Amino acid sequence: MVQRRDNRLSQLDLFARLIYSVKSLRYVFFFYSFLSFIFWFLNCFEVEWLYRFDWLFAIPYDIVALFYVPEGITVDLSLAFIGSFALILGFIYDFILNIFYNRIITLQEEEEKRLERQKMFSRRKRKKLPPTAQPAAGMPVIGASSGAVFEDSKLIFLIMPHVKKIRRKREDLELTFQEVEVWKQRVNKKFIQNVNYSKPMQKGYYRKNLFLVYKDFNYVDDFVYYITPTLDSIILEFKKYGIITSFSYVLSAISNMDLLEKELDCMDTVLSLNFINEFVVTNRFKVTYDNKSIQKYTMDLKGEYNLSKNLTISNRQPLYTLYDRNKHKEGEEKI
């Protein structure tokens, strides 16, 4: 069942890429319309060399002749009709493809949600999680003063893409809200494809932002090491489409999966602070990571921030920036 749905997602992605690639054909209609009006204007002045290009309009001329024949000394409007039809066809073509493209994007989202529900259902059948996650006998409690984080903590990663159009000319228009959402979906899908090798324990969307959960917190060093070139490759890929991509992301840790939604809510607030392209980590992450026997990374205090969504309640918590311990020097760029 899962394999069949994976195949369907691949087919939908293929259709989406195909439609997006052929959308550029609308410019053929627009360019043909532009040529028609230019040639019509020149034809009004009886430019002689213009007749060398009759072959460009031979077929459209025959079609227009079915319902319009210039008489007497009236101005021949055939090319004007051809230009108008080409312009209208261009807009109709673009409108229809946008409908199909948006429909495929919607089907992809629905299929991914069904697939995620199927995986969650399968996991629950294989292993029933206890109502509360308690530390094993003899297992030391880490950082009890900062929310009782245990050694069996899970790693959580929440990421939000930012996209904007490369403006090659001053008059270039910015992306519309709908276009931004479509590009964000494409970036998220590409990111999921690139991190599937890591086999996250759980993945999904929280308030439109993608999250990953890994069963073993000790995977963090490998995750951070590989995620940086992964994001760099996505940035380069979408630059080819004329899109500038950047990311906000945050890492945290929990020991009880029942607390996942609450922790994601806090991490979502961190994303709203719009720290771009740097590994921001919570205090839970720091307390858990500081108790690792081998630490490849180090952390600097970024500051204390109010992470409460209720403006009447103050919930100031420290946030940190993650660095490579071996490369980190004062003033050096973050990983």
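Residues numbered from 1 in each chain as written. Predicted model: local features only at pLDDT ≥ 70, side-chain atom pairs only at ≥ 80, totals over all residues. Heavy atoms only, no water.

Description of empty space enclosed by the protein
Here's step 1: Scanning the model with the defined rule gives two cavities of 30 Å³ or more in all.
Here's step 2: Every residue along the wall of the second largest cavity is listed here: S248, Y249, V270, L271, F275 and V280.
Here's step 3: Residues of the lining of the second largest cavity, tallied by class, amount to five nonpolar, one polar and no charged. (1 Å grid on protein atoms, 1.4 Å probe; cavity = no way out; pocket = protein on both sides within 12 Å on 5 of 7 lines; lining within 4 Å. Points joined across faces, edges and corners; volume = space filled by probe spheres on them. Nonpolar A, V, L, I, M, F, W, Y, C, P; charged D, E, K, R; others polar.)

What to know about the environment of K189
Here's step 1: If you trace the backbone, K189 turns up in helix α5 (residues 177–195).
Here's step 2: Given a relative accessible area of 10%, K189 falls into the buried group.
Here's step 3: Between the alpha carbons of K189 and L210 there is a distance of 9.6 Å; along the sequence they are 21 residues apart. (Helix = DSSP H or I, 4+ residues; strand = E, 2+ residues; numbered from the N terminus. Buried < 20%, exposed > 50% of the residue type's maximum accessible area, 1.4 Å probe, protein only.)

What to know about the pairing of strand β5 (residues 209–214)
Here's step 1: Burial runs high along β5: six of the six residues are buried.
Here's step 2: Of the two faces of β5, the one holding N209, F211 and V213 and the one holding L210, L212 and Y214 are both buried throughout.
Here's step 3: Bridging between strand β3 (residues 154–165) and β5 involves five bridges; their strand directions are antiparallel. Looking across to β5, one finds that L155 is bridged to Y214.
Here's step 4: In terms of strand pairing, strand β4 (residues 202–206) meets β5 through five bridges, oriented antiparallel. Among the inter-strand pairings, Q202 is bridged to a residue of β5, identified as V213.
Here's step 5: The turn linking β4 back onto β5 is made up of two residues, and R207 within it adopts a positive phi angle of 50°. (Pairing = 2+ DSSP bridges.)

Some thoughts on unusual backbone geometry
Here's step 1: The backbone of K199 sits at a positive phi, close to 50°, despite the residue not being glycine.
Here's step 2: Its place among the elements puts K199 in the loop between α5 and β4.
Here's step 3: Non-glycine residue N277 carries a positive phi angle of around 55°.
Here's step 4: Among the secondary structure elements, N277 is positioned in the loop between α7 (260–271) and β7 (279–281).

Here we look at the sheet that holds β7
Here's step 1: Strand order in the open sheet formed by seven strands is β4-β5-β3-β6-β7-β9-β8, with mixed pairing between adjacent strands. The open sheet has two edge strands with one neighbour each: β4 and β8 (297–306). Within the sheet, the average angular offset between the axes of one strand and its neighbour, ignoring direction, is 25°.
Here's step 2: Of the strand pairs in this sheet, β8 and strand β9 (residues 316–324) are connected by nine bridges, and their pairing is antiparallel. The partner of E304 across the bridge, within β9, is P318.
Here's step 3: Here α5 sits on the sheet and contacts β3, β4, β5 and β6 (243–254); the angle it forms with β3, its principal contact strand, is near 140°.
Here's step 4: In this fold α7 packs onto β3, β4, β5, β6, β7, β8 and β9, with an angle of close to 35° to the strand it touches most, β3. (Axes fitted to C-alpha atoms, helices over the stretch in contact; angles between N-to-C directions. Contact = heavy atoms within 4.5 Å.)

Observations concerning helix α8 (residues 283–290)
A turn of α-helix holds 3.6 residues, and therefore any two residues three or four places apart point the same way.
Here's step 1: Here α8 lies mainly inside the structure; six of its eight residues are buried.
Here's step 2: Those residues of α8 lying buried are N283, R284, F285, V287, T288 and Y289.

Overview of the pattern of salt bridges
For side chains bearing opposite charge, pairing can occur when the charged atoms are close.
Here's step 1: Scanning the entire structure with this criterion turns up eight salt bridges.
Here's step 2: Across the salt bridge formed by D290 and K286, the nearest N and O atoms sit 2.7 Å from each other. With D290 and K286 both in helix α8 and four residues apart, the pair spans about one turn of that helix.
Here's step 3: Each member of the salt-bridge network shares a partner with another, and the members are R207, D265 and D268. (Salt bridge = Lys/Arg side-chain N within 4 Å of Asp/Glu carboxyl O.)

Quick word on a nonpolar patch on the surface
Here's step 1: A cluster of nonpolar side chains, I59, I63, L66, F67, F85, I88, L89, I92, F95, I96, I99 and F100, forms an exposed patch at the surface whose accessible area comes to about 1300 Å².
Here's step 2: Looking at the nonpolar patch, the elements that each hand over two or more residues are α3 (58–65) and α4 (78–126).
Here's step 3: At eight residues, α4 tops the list of elements feeding residues into the nonpolar patch.
Here's step 4: Structurally, the position occupied by F95 is in helix α4. (Patch = residues over 30% accessible without salt bridge, like charges linked within 9 Å, V, L, I, M, F, W, Y side chains within 5 Å. Areas by Shrake-Rupley, 256 points an atom, 1.4 Å probe, with all protein chains shown as cover.)

Quick word on the packing of α5 against helix α6 (residues 220–239)
A pair of packed helices is captured by two measures, namely the crossing angle of their axes and the spacing between those axes.
Here's step 1: Look at α5 against α6: their axes get within 10 Å of each other, and the N-to-C directions meet at 140°. The orientation of α5 with respect to α6, classified from their angle, is oblique. Handedness of the α5/α6 crossing: right-handed. Residues W183, R186, V187, K190, F191, N194 and V195 of α5 touch α6, and the partners they reach there are I227, T230, L231, S233, I234, E237 and F238.
Here's step 2: Of the residues assigned to the contact of α5 with α6, the class counts are eight nonpolar, three polar and three charged. (Parallel < 35°, antiparallel > 145°, perpendicular 65-115°, else oblique. Left-handed = near helix turned anticlockwise from the far one by under 90°.)

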